[in-house]
Every structure is written in structure tokens, then in C-alpha cells.
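Structural characterization, general
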Amino acid sequence: MTTFETSRATLEYTPAVAAATAEVYERVRAVVPPLEWPVHAPYIDAIQRLKKTRGAVVLAHNYQTPEIFHGLADLSGDSLALAQQAAETDADVIVMCGVHFMAETAKILSPEKTVLIPDLEAGCSLASSITAADVRLLRERYPGAPVVTYVNTSAEIKAESDICCTSSNAVEIVESLGAGRVIFLPDEFLGRYVAGRTAVEIILWHGHCEVHERFRAEDLRAYRESYPGIQIFAHPECPPDVLAEADYVGSTSGLIRHVEATRPERVMLVTECSMSDNVAVAHPEVEFIRPCELCPHMKQITLPKILRSLEQMQHEVTVAPDVADRARLAVERMLAVGRGAGG
Ligand code: 13P
Ligand code: SF4
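Here goes a summary of the coordinates provided. In this convention, every chain numbers its residues from 1, walking through the sequence in written order. Both sets of labels track the order of writing: A upward for chains, 1 upward for ligands. Totals for whole chains, interfaces and linings use all residues, but because this is a predicted model, local features are given only for residues with pLDDT of at least 70 and pairs of side-chain atoms are given and counted only at 80 or more. Remark: hydrogens and water are excluded; side-chain values derive from all non-hydrogen atoms of the structure.

1. Quick notes on the sheet that holds strand E11 (residues 231–234)
To keep it simple, the criterion reads: Strands pair, by our definition, only if DSSP identifies at least two bridges between them. Think of it this way: any DSSP run of H or I at least four residues long counts as a helix, any run of E at least two long counts as a strand, and we number them from the N terminus.
Within the open sheet, the 4 strands sit side by side as E12-E11-E13-E14. Their pairing is parallel. The open sheet has two edge strands, strand E12 (248–249) and strand E14 (287–289), and neither has a second partner. As defined by bridge partners, E11 adjoins E12 across 2 bridges and the pair is classed as parallel. What sits directly across from phenylalanine 233, in E12, is tyrosine 248.

2. Some remarks on the packing of helix H5 (residues 100–109) against helix H15 (residues 321–338)
Counted only if it meets this: Axes here mean lines fitted to C-alpha atoms, for a helix over just the part in contact, with angles spanning 0 to 180 degrees between N-to-C directions. By definition in this entry, angles of less than 35 degrees are roughly parallel, angles greater than 145 are roughly antiparallel, angles of 65 to 115 are roughly perpendicular, and the rest are oblique. Note on contacts: a residue pair is in contact if any heavy atoms of the two residues lie within 4.5 Å. Ten residue types, Ala, Val, Leu, Ile, Met, Phe, Trp, Tyr, Cys and Pro, are classed as nonpolar, four, Asp, Glu, Lys and Arg, as charged, and the remainder, Gly among them, as polar.
Interaxial distance between H5 and H15 falls to 9 Å at its minimum, and their mutual angle equals 95°. For the element pair H5 / H15, the angle class is roughly perpendicular. Residue-level inspection shows Thr105, Ile108 and Leu109 of H5 in contact with H15, the latter providing Ala324, Ala327, Arg328, Val331, Glu332 and Leu335. Counted by class, the contact of H5 with H15 contains 6 nonpolar, 1 polar and 2 charged residues.

3. Some thoughts on the pairing of E11
If a strand is regular, its side chains alternate between the two faces of the sheet. This is how it is decided: By convention, orient the strands away from the viewer: a clockwise path from the first strand over the helix to the second makes the crossover right-handed.
Summarising the sheet, E11 and strand E13 (residues 266–270) pair through 4 bridges and their orientation is parallel. Each bridged residue has a counterpart across the sheet, and for glutamine 231 the counterpart in E13 is valine 267. Assessed by its sense of winding, the connection that carries the chain from E11 through helix H11 (residues 240–245) to E12 is right-handed.

4. Some points on the site of ligand 2
The criterion, for reference: Any residue with a heavy atom positioned within 4 Å of a molecule or strand is treated as near that molecule or strand.
Every residue near ligand 2 is listed here: Tyr63, Val99, Cys124, Ser125, Leu126, Asn152, Cys209, Val211, Glu237, Cys295 and His297. Counted by class, the shell around ligand 2 contains 7 nonpolar, 3 polar and 1 charged residues.

5. Quick look at H5
The criterion, for reference: Categorising residues by exposure relies on relative accessible area from a 1.4 Å probe, with only protein chains included: less than 20% of the type maximum marks a residue as buried, more than 50% marks it as exposed, and the intermediate range marks it as partly exposed.
By the criterion of burial, H5 is predominantly enclosed, with 9 of the 10 residues buried. Where the residues of H5 are buried, they touch strand E3 (56–61), helix H4 (79–88), strand E5 (93–97), strand E6 (114–116), helix H7 (155–159) and H15.

6. Regarding the state of the cysteines
Quick note on the threshold: Here, the term disulfide refers to a pair of cysteine sulfur atoms separated by no more than 2.5 Å.
All told, the structure shown has 1 disulfide when counted by the stated rule. Each disulfide pairs two cysteine sulfurs, and for cysteine 273 the partner residue is cysteine 292, the sulfurs being separated by 1.6 Å. On the S-S bond that ties cysteine 273 to cysteine 292, the torsion sits near 120°, and the link is right-handed. Of this pair, cysteine 273 sits in helix H13 (residues 273–282) while cysteine 292 sits in the loop between E14 and helix H14 (303–312), placing them 19 residues apart in sequence. Looking at cysteine 273, the relative accessible area reads 12%, which means it is buried. Cysteine 97 carries a free sulfur, and the closest cysteine sulfur to it, the one in cysteine 295, is 14 Å from it. By relative accessible area, which is 0% here, cysteine 97 ends up buried. Cysteine cysteine 165 remains unbridged, with the sulfur of cysteine 164 as its closest cysteine sulfur at 7.5 Å. Taking relative accessible area as the criterion, cysteine 165 reaches 0% and is therefore assigned buried.

These figures come from the coordinates and say nothing about function on their own.
If you want it as C-alpha cells, here you go:
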């Protein structure tokens, strides 16, 4: 029998735990080696039981590892889906298995709920690329231009913005404003991608995702040569020359939908590592070629930290009410565009 220490008790991989988690393991066995399961299963079993006691839901971004994404999440998806689901759930407690800005967005939309993040170090290079003072300076420099802010930002930045967007709705949001010029923050590459698809003039900031900026166009060309027939699907946080090599560009959920719709024989998802694992679970017929770039922030979230988070009700994410009220307007305007209610 294998045993593991937690902050509270000893966790054991007992026959009962094996039986309780057998169905989940069946689902993820193609991407989680059998040797690893006795390590994950006791945590999954303990967290599932504690979730019920606490009245909690676990939200997981598409970049979480398969044992979290498939083993624990009640709700999952891209940044937009997580924001929508956080607004709609009636659970008392939300455990955000994602990064800090996602937990803040959940808190902004559900101020009455307790929002927990298992590790406060789960940040984002885009969110830390800009300050509220920067946004105010841009507004002074471009008077009258509305500020469209990618959700990968702190609540403080959202509070300075007219409307938010995600990678799945950025073009639609920019066009919904009816403006000739918009300030688009903070992702330069997503901004350039949007600029290529609209007549609206886009004022850019120089923020980058530290994961997606590492991909190189020449590497993609080399993959095409080595793997004949490969389909390349990329996230719009990648540099423009990388996107130019791609057969399809979309948000994380867009990439999943495109795999489902086109069922390529062989595909490469140019985005964070865990995506391919999570999608491969549902598509054993597709060969995934995996150029692995890890997000160090997403990977701060682990099963032991999720368990500790629920045991100790930590780390609670709060947003000052005046900031939350202004940020909520920007997020709700975005959600309203998605519902067809206009900006
Ligand atoms: P989406 O899931 O919205 O595509 O965002 C990707 C990302 O980098 C989230 O941090
Ligand atoms: Fe931020 Fe990039 Fe990590 Fe997403 S993948 S959380 S954008 S650093």
C-alpha cells in the first residue's frame, strides 16, 4: 500500500480509494501513467469528499494537468467560459484552478461567494505587464479612445477599462464599440491579431505571455517537414509570424472545438503543454505532436495545494468593493456582447 502525508492526515491508496477513482482513471489512462495514479488518487478522493462538505465547486482552466482537469473539475474551459460559469454557479465556495486574475474575475462577478486560489503565486506575465497609472496615461495620450482590456489583467486594470475581452471574443468586442480607434491592453500579439481582422485602429501595449512568446515560426516549419500532413492550431497570444504558419488560430476552447470539428489525423496545438493531454483524452484517434511550453503560474496549482486550500479555506481572493464595482462593469459589458445585448 502507498501512503502520502497531507497537512491534515495520512492519505493512503487503499482498495476503497482505487475503487472510488477507477472511473476517472479509466478516462485519463492514456495520459497519466499507471505508476502515477496511486499518488493522485488519494488526493482526488479526499478533495471530492471535502468539496461536498464545503459546498464548493472547482473551476479549472484548460491548462490544468489532466488529473485536475478530468479528475476534479466541476466546470472547465477557457477564460471566457470560466468567467461565465463563475457568474452562474450557486455554490458558496469557488476554488479556482487557474491563475490569480481568473480568481479575481470570479470574485468580481460573485462578490457574495468565497473564492479560493490554492496558491497566491499563480500570476501571469500579461497581468503584471501594466499598471493602472499606465492606463490613465494612455487615456490622456489618446483622448476619447475606449479602452478594451484582455481579461488577463488585475481587477485594478479592469476597473480602469471600458470593456473586457478574451481571446475568443476580442474582434467581436472591439467592433461592438463602434469606435474608429481603441486602446487594446495589454497583449501586443493578441492586439496585432485583432488589428489584422478589423478596420478599427488599434493602439497597442507591449505585454506578452511568457509561454506563447517562446514559440518560433522556424520550429513550426521544421515540424511540418518532419510530420507530413500535420495540422497546426495556434493560440493568438503567439507572435504574428507564428500565427502566420498556423492552419487555425483560436482561444483554448476554440482550439478544442476545432479538433472536434475537423478530427485531423495529426495535430499540433501551439499553446501550453497540458492542453494536448486534456484534449487527447477525448480523441484517442488523433495523433498529438507536442511542442511543450509550460506555464509556470498554472503549474503552481497541484492536488496537495487544492486539498490544503479546502481544508484551511485559503487563499481567499478579495477585491476592494469600489475597484470590484468598476471592474464588474467592464466584465459585464463583455458578457452582454456575448449574449447579443450590445456593448
Ligand atoms: P484562453 O483560455 O481564454 O484562450 O486564454 C489562454 C490563457 O493564456 C489563459 O491564461
Ligand atoms: Fe498568463 Fe501566459 Fe500563463 Fe496564460 S499561459 S496564465 S497568459 S503566462
